[in-house]
Structures are given as structure tokens and as C-alpha cells.
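Overview (structure and organization)
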Amino acid sequence: MKDPVLFDRFAQDILESAVFAQCRCFMQHGRISVYAHSLSVAQMSFRLAEGIPGLDLRSLVRAALLHDFFLYDWHVPEKMWSLHGWTHPVTAAENARTYFQVSDKEYSLIRTHMWPYTLLHPPVYREGWIICAADKACSAIETLFRR
Ligand SMILES: [Fe+2]
Ligand SMILES: [Fe+2]
């Protein structure tokens, strides 16, 4: 990461909030919490975006941190058999709007991060494609190597 100070400036209030800290209590992949996964996705997204001129790095970092801000354990049977994969982007976006007053653009970045799983909702911003790719890469690494 070329500019960790800039990353921290965009991320700090979210990372230090009590409500986001709840993500430490929910597991995402194996022993990786939603908090750790979300931080990894935000850091990878920022690293990928740093070299591309004209990107909105603030929205990218904040949306990446909040992309899985659904605030429940999706491994319990009633969630496993629900449509979590399809519905959590909306839940996360709504929670982000409630707790962090995200912009419409940041809402969209969160809403579209599961594409192509959510086939009818592809990213509409360049930042969204980066978050989408970083999420897949981090998820693959966590699932394959860090159980
Ligand atoms: Fe997700
Ligand atoms: Fe994710």
C-alpha cells in the first residue's frame, strides 16, 4: 500500500465504531471474521485502485469496508437455507446507510459487490468492479488457505 495514511483517514471512523466492531463476532470464511475479511477487501481494493488515476478512493475504501455489513451469523441453519447470497448486499447497504450515512454511490458499490451472483445488479462504477474483484480474491484465499 503506497499511502496507508490516506487509507486510515477514509477508514478510521468505521474501524473504530462500536457497531462495526460487531463484525468481529460473525465468521465469514472458516476462522476469518467478517471484520477481518472486510478489512482485507478494503486494503486490497485500495492497493488495486492506487495506481489508477481518477478513482474515488474514499468511496472505494468505505464501501469495501461495509460491503458485508449485514450484522448476523449467516452460518445458522435459517440463514444458510435462506437467500443470504442474494439478499445480504441490500442488507449491508441499508445498514451502511443507517449507521454511516453512505452516499448513493457508496450504496451502489455495496449493493453490486456480489455480481455475477446477483446477475441483474452489476457494478455501475469502476470502483465497484475493483471491490467485486477484491472480494472474490480475498474470499478464495480465505476459503482455500486460512481455514
Ligand atoms: Fe458479500
Ligand atoms: Fe465479502
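Overview of the structure. (Residues numbered from 1 in each chain as written. Chains lettered and ligands numbered in written order. Predicted model: local features only at pLDDT ≥ 70, side-chain atom pairs only at ≥ 80, totals over all residues. Heavy atoms only, no water.)

**Digging into the side chain of Asp135**
Among the secondary structure elements, Asp135 is positioned in helix α8 (residues 126-145). Of the side chains bearing the opposite charge, Lys136 lies closest to the buried Asp135, which forms no salt bridge; the N-O distance is 4.6 Å. Within polar-contact distance, the side chain of Asp135 engages the side chain of His67 at 3.1 Å. (Helix = DSSP H or I, 4+ residues; strand = E, 2+ residues; numbered from the N terminus. Buried < 20%, exposed > 50% of the residue type's maximum accessible area, 1.4 Å probe, protein only. Lys, Arg positive; Asp, Glu negative; His and termini not counted. Salt bridge = Lys/Arg side-chain N within 4 Å of Asp/Glu carboxyl O. Polar contact = N/O pair within 3.5 Å; in protein donor to acceptor, adjacent residues only side chain to side chain.)

**Considering the packing of helix α3 (residues 34-50) against helix α4 (residues 57-66)**
Their axes nearest at 8 Å, the elements α3 and α4 cross at an angle of 155°. With respect to α4, the element α3 is oriented roughly antiparallel. The hand of the α3/α4 crossing is right-handed. Listed contacts from α4 to Ser38, Leu39, Val41, Ala42, Ser45, Phe46, Ala49 and Glu50 of α3 are Leu57, Leu60, Val61, Ala64 and Leu65. Classifying every residue of the contact of α3 with α4 gives 10 nonpolar, two polar and one charged. (Axes fitted to C-alpha atoms, helices over the stretch in contact; angles between N-to-C directions. Parallel < 35°, antiparallel > 145°, perpendicular 65-115°, else oblique. Left-handed = near helix turned anticlockwise from the far one by under 90°. Contact = heavy atoms within 4.5 Å. Nonpolar A, V, L, I, M, F, W, Y, C, P; charged D, E, K, R; others polar.)

**Re the coordination of the iron ion (ligand 2)**
Within the first shell, the iron ion (ligand 2) binds the protein through His37 (NE2), His67 (NE2), Asp68 (OD) and Asp135 (OD), at distances of 2.1 to 2.2 Å. Coordination at the iron ion (ligand 2) is irregular, judged from the four donor atoms that bind it and the angles of 84 to 175° they form at the metal. Along the chain, the residues that donate to the iron ion (ligand 2) are spaced as H-x29-H-D-x66-D. A distance of 3.6 Å spans the gap from the iron ion (ligand 2) to the iron ion (ligand 1), which Asp68 bridges by coordinating each metal. One end of the pair, His37, is in helix α3; the other, His67, is in the loop between α4 and α5 (77-80), with 30 residues separating them in the sequence. Assigned by exposure class, His37 and His67 land together as buried. (Donors = N, O, S within 2.8 Å, 3.2 Å for Na, K, Ca; no water. Tetrahedral: all angles 85-135°; square planar, octahedral: opposite > 155°, others 65-115°.)

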